[in-house]
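Structure at a glance
For reference, the chains in residue letters:
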Amino acid sequence: MAERRTKREIAMVVAGLAIVVAAVGPLALQWLTNAPDQRMVDLDVYRSGGQAVLRGAPVYDFMTQPPQLLPFTYPPFAVLIAVPLAFVPWSVAQWLWAALILLALTITVRYAFRPLLARFPGWAPVLTGIIVALCAYPMPLRDQFRFGQVDVFLMAMCVADCAAPRTRWPRGLLVGLATAIKLVPGVFIVYFLVTGRRREAVTAVVGAAVVSLGTFLILPADSADYWFRALFDSERLGSNTATTNQSIRGMLLRAYLPDSVASALWLLCAAVIAYVGFRAARRTALRGDEIGGIAITGLVGVLVSPVSWIHHFAWLVVVLGALVGTGRDWRALALAAGAWLFYVLTIPWWGIDLLAYHTGPRPIGRIVQDAYGLGALGLLFVFHRRRSVGKIPERESESDRVDASRDEPRVGTLGP
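These remarks concern the structure in this document. (Residues numbered from 1 in each chain as written. Predicted model: local features only at pLDDT ≥ 70, side-chain atom pairs only at ≥ 80, totals over all residues. Heavy atoms only, no water.)

Residues Val-92, Leu-96, Leu-100, Leu-103 and Ile-107 make up a contiguous nonpolar surface patch of roughly 390 Å² in combined accessible area. Here Leu-96 shows up in helix α4 (residues 90–112). (Patch = residues over 30% accessible without salt bridge, like charges linked within 9 Å, V, L, I, M, F, W, Y side chains within 5 Å. Areas by Shrake-Rupley, 256 points an atom, 1.4 Å probe, with all protein chains shown as cover. Salt bridge = Lys/Arg side-chain N within 4 Å of Asp/Glu carboxyl O. Helix = DSSP H or I, 4+ residues; strand = E, 2+ residues; numbered from the N terminus.)

What follows is the structure in structure tokens.
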């Protein structure tokens, strides 16, 4: 019986892998075989940064080869961990990165859709394969393969740190490391604080500080160049007014407002979104919906960031998991399906066509052009409007629960 069960489990895993390969393989292959100068251009930035470190060149002064001419824009710790890429042949690095993206996506799906997967434990590997395949096709996820991006890895780190029932690392460490790689995951330090997990927040801050200071000792000139110059030059990231910047600031910049007005409105909007979003995240997490709290925090991060390219909206995976839940609510399933389809379609580019061909009023074209950012706002509103059922329990950090358990008397029981 046990042998039969083991064979069935192996068959389920193989079937799940086959589904992923069959569904996602063509997508990955498309971007791994396109024009060489268009292939995983962001991965080329990471790898070139690692090569710059090895030859002692200034990290924040180099550009990748034409026609891209892209600079390195992440904190110095990111370039330090990119050094191993410099030892890998470029063709191997691309295939390896695509496989790692799928692995990180699978990890995220396992956490984000855990309530649904728990309903069908025997079919969980197959169901995971189907969900991974579906989640690979919205544009923010397709762009992970297209550009060779790092967003899925940072998302998996934050989700695992917040949602794992138990961790083999100090909880908060992965959020700290993700923040040291790219600053935006720092929103999860705030998430820890508003949900009463102060020790985890401190661990995240200390982790980010330690690796950043350690990098400063290894790369002092590059670290100083980043923290005192490159960090404040948002144009290094590319045109902030481009359609691909779907943050609140990007939308305001495309409205052609005076710079001072756009900046003031952005700060006001960012403050309101952060306030409303973190209140909703706290309420959601304290009622036991950790994935919902993570999804809200991810949405807040991409909306308030000065620049949020479309691939930064990879948090859609967690949003879909939070909406689906156990899969028993058909209205929630329909909403999740609609959100999935919305981000599969290239709607912002429809707005560009409307503007380019003067089709309809220009404000309509702008709204369509800002569709992904406005969609994230709509999803945030959906989570904000959700109401918990019954009393919201007090949330304790894992470390607080452990400390409390040590103080409780151990009382034996007799009978049932």
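Next comes the rest of the description.
Moving on, we come to the side chain of Arg-197. Relative to the assigned elements, Arg-197 resides in the loop between α10 (187–194) and α11 (198–218). For Arg-197, a relative accessible area of 2% corresponds to the buried category. Among the polar contacts made by the side chain of Arg-197, one reaches the side chain of Glu-290 at a distance of 3.2 Å. (Buried < 20%, exposed > 50% of the residue type's maximum accessible area, 1.4 Å probe, protein only. Polar contact = N/O pair within 3.5 Å; in protein donor to acceptor, adjacent residues only side chain to side chain.)

With the rule as written, the count across this model stands at eight salt bridges. Salt-bridge contacts for Arg-197 lead to Glu-290; the nearest nitrogen and oxygen are separated by 3.2 Å. Of this pair, Arg-197 sits in the loop between α10 and α11 while Glu-290 is found in helix α15 (residues 290–304), placing the two residues 93 residues apart along the sequence. Side by side, Arg-197 and Glu-290 carry an identical accessibility label, which is buried. Of the charged contacts in the structure, one is a salt bridge between Arg-331 and Asp-329, with a shortest N-O distance of 3.9 Å. Overall, Arg-331 belongs to the exposed group, its relative accessible area being 69%. On the accessibility criterion, Asp-329 (36% relative accessible area) is partly exposed.

Overall, the coordinates contain 12 aromatic pairs when judged by the stated rule. Seen from their ring centres, Tyr-60 and Tyr-226 are 5.4 Å apart, and the 35 degrees between their planes marks the pair as tilted. Of the two residues, Tyr-60 is situated in the loop between α2 (41–55) and α3 (76–81) and Tyr-226 in helix α12 (residues 220–228); the sequence distance between them amounts to 166 residues. Judged by its relative accessible area of 2%, Tyr-60 falls in the buried class. An angle of 80 degrees between the planes, with centres 6.1 Å apart, marks the rings of Phe-188 and Tyr-191 as edge-to-face. Residue Phe-188 and its partner Tyr-191 are both found in helix α10; the two are separated by three residues, about one turn of the helix. This pair shows no difference in class: Phe-188 is buried, exactly as Tyr-191 is. An aromatic cluster is present here, built from Tyr-46, Tyr-60, Phe-72, Tyr-74, Trp-97, Phe-153, Tyr-226 and Trp-227 joined pairwise through their rings. (Phe/Tyr/Trp six-rings, centres within 6.5 Å; stacked < 30°, edge-to-face > 60°.)

Here the focus is the layout of surface pockets. For the largest pocket, the calculated volume is near 1,200 Å³. As for the largest pocket, its lining consists of 44 residues, of which Thr-73, Leu-237, Val-307, Trp-309 and His-312 are closest to the centre. The class makeup of the residues in the lining of the largest pocket is 25 nonpolar, 13 polar and six charged. By volume, the second largest pocket amounts to about 400 Å³. Lining the second largest pocket are 19 residues; nearest its centre among them are Trp-97, Val-150, Phe-153, Leu-154 and Met-157. (1 Å grid on protein atoms, 1.4 Å probe; cavity = no way out; pocket = protein on both sides within 12 Å on 5 of 7 lines; lining within 4 Å. Points joined across faces, edges and corners; volume = space filled by probe spheres on them. Nonpolar A, V, L, I, M, F, W, Y, C, P; charged D, E, K, R; others polar.)

Quick look at the packing of helix α18 (residues 347–356) against helix α19 (residues 362–369) now. Where α18 meets α19, the closest approach of the two axes is 7 Å, and the angle between their N-to-C directions is 155 degrees. The angle between α18 and α19 falls in the class roughly antiparallel. In this structure, the crossing between α18 and α19 has a hand that is left-handed. The segment α18 lies against α19, with Ile-347, Pro-348, Trp-350, Gly-351, Ile-352, Leu-354 and Leu-355 engaging Arg-362, Gly-365, Arg-366, Val-368 and Gln-369. For the contact of α18 with α19, the residue count by class is seven nonpolar, three polar and two charged. (Axes fitted to C-alpha atoms, helices over the stretch in contact; angles between N-to-C directions. Parallel < 35°, antiparallel > 145°, perpendicular 65-115°, else oblique. Left-handed = near helix turned anticlockwise from the far one by under 90°. Contact = heavy atoms within 4.5 Å.)

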